[in-house]
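So you can see what is in the structure, the chains are spelled out below.
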Amino acid sequence: SDGSLLWHYHAGPITNTLILLQGNIVYAASADAHVYALHSDTGKLLWQQTVPHSPTDFYDFSYGGRIAADHDIVAVNYTRLWDPLTNSERGMIYVFRAQNGANLWHHEMLSQETGLLGVDNKAVYITDVLKPGQGQLITSARRAADGKEL
C-alpha cells in the first residue's frame with residue numbers, strides 16, 4: 001500500500017514486454033521469444049517457455065500483440081517482423097498450458113495486423129484477414145486443446 005517493491009524478477013534483455021495478471025499468476029511475453037509465468041505474491045518463476053521460432057524470425061508487439069489467459073491456457077499473439085527471405089510479415093498465435101507452460105499449438109496468421117481476441121476454457125478466438133490486402137476480416141474460434149477450428 002505504500003508503493004514499496006515487493007519482488008522483482010530478472011529475465012534478461014526484454015523489450016516490448018506484454019504482461020497479464022490472471023488470478024495469482026503474472027504472465028509475461030517478451031520480444032526475445034520467451035513466455036514466463038510468475039507467482040504474483042512472491043515473484044517465483046513457475047515456468048518459462050521459448051516460443052518455437054527460426055533464427056531469422058524477429059518478434060515484436062508493435063502491431064497490437066496480446067497475451068490472454070484463463071486457468072487452463074495462455075495464448076500469445078506475436079508479430080513476426082518483415083523477413084526478406086520469405087518476403088512476408090505475419091502474426092503468430094502460440095498457445096501454452098497454463099499449469100506448466102507446455103506448448104500446445106501455434107497458428108500463423110495471414111497478416112500482421114490481426115490476431116488474438118481472447119480465450120476461455122474451450123476456445124481461442126482469433127481475427128484474421130480473409131484476403132490479404134483487401135481488408136476483409138474474419139473471426140474464428142479454435143479449440144484450446146489442439147487448435148482445430150470450431
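Remember, predicted model here, so these are calculated numbers, not experimental data. (Residues numbered from 1 in each chain as written. Predicted model: local features only at pLDDT ≥ 70, side-chain atom pairs only at ≥ 80, totals over all residues. Heavy atoms only, no water.)

S.K.: I'm lost on the environment of Tyr-9 in this one. Help?
M.R.: Along the polypeptide, Tyr-9 turns up in the segment before strand 1 (18-22). Sequence separation between Tyr-9 and Lys-44 is 35 residues; the distance between their C-alpha atoms is 7.9 Å. If we ignore the near neighbours within four places in the chain, the residues touching Tyr-9 are Tyr-36, Leu-38, Gly-43, Leu-45 and Gln-48. (Helix = DSSP H or I, 4+ residues; strand = E, 2+ residues; numbered from the N terminus. Contact = heavy atoms within 4.5 Å.)

S.K.: In this structure, what is going on with the sheet that holds strand 3 (residues 34-39)? I would like to understand it.
M.R.: The strands that make up a sheet pair up through hydrogen bonds in the backbone, lying either parallel or antiparallel. If you trace the four strands from one edge of the open sheet to the other, you get 1-2-3-4, paired in antiparallel fashion. Single-partner strands in this sheet number two, and they are strand 1 and strand 4 (45-50). Across the sheet, the axes of successive neighbouring strands diverge by a mean angle of 15°, strand direction being ignored. (Pairing = 2+ DSSP bridges. Axes fitted to C-alpha atoms, helices over the stretch in contact; angles between N-to-C directions.)

S.K.: Before we go on, may I ask you to explain the side chain of His-34 in this structure?
M.R.: Mapped onto the elements, His-34 comes out in strand 3. Here Thr-50 takes part through its side chain, which lies 3.4 Å from a polar atom of the side chain of His-34. Those residues within four positions of His-34 in sequence are excluded, and the remaining contacts are Ala-28, Ala-29, Gln-48, Gln-49, Thr-50 and Tyr-78. (Polar contact = N/O pair within 3.5 Å; in protein donor to acceptor, adjacent residues only side chain to side chain.)

S.K.: Would you take a moment to explain the nonpolar core for this structure?
M.R.: Generally speaking, nonpolar side chains in soluble globular proteins are found buried as a group. Counting residues in hydrophobic clusters, the biggest one holds 18 residues, and the most contacted among them are Tyr-27, Val-35, Val-74 and Val-76. When contributions to this core are tallied by element, the ones reaching two or more residues are strand 2 (25-30), strand 3, strand 6 (66-69), strand 7 (73-83) and strand 8 (88-97). Ranked by size, the runner-up nonpolar core spans twelve residues in total, among them Ile-73, Ala-75, Ile-93 and Trp-105. (Core = buried A, V, L, I, M, F, W, Y, C linked by side-chain atoms within 4.5 Å. Buried < 20%, exposed > 50% of the residue type's maximum accessible area, 1.4 Å probe, protein only.)

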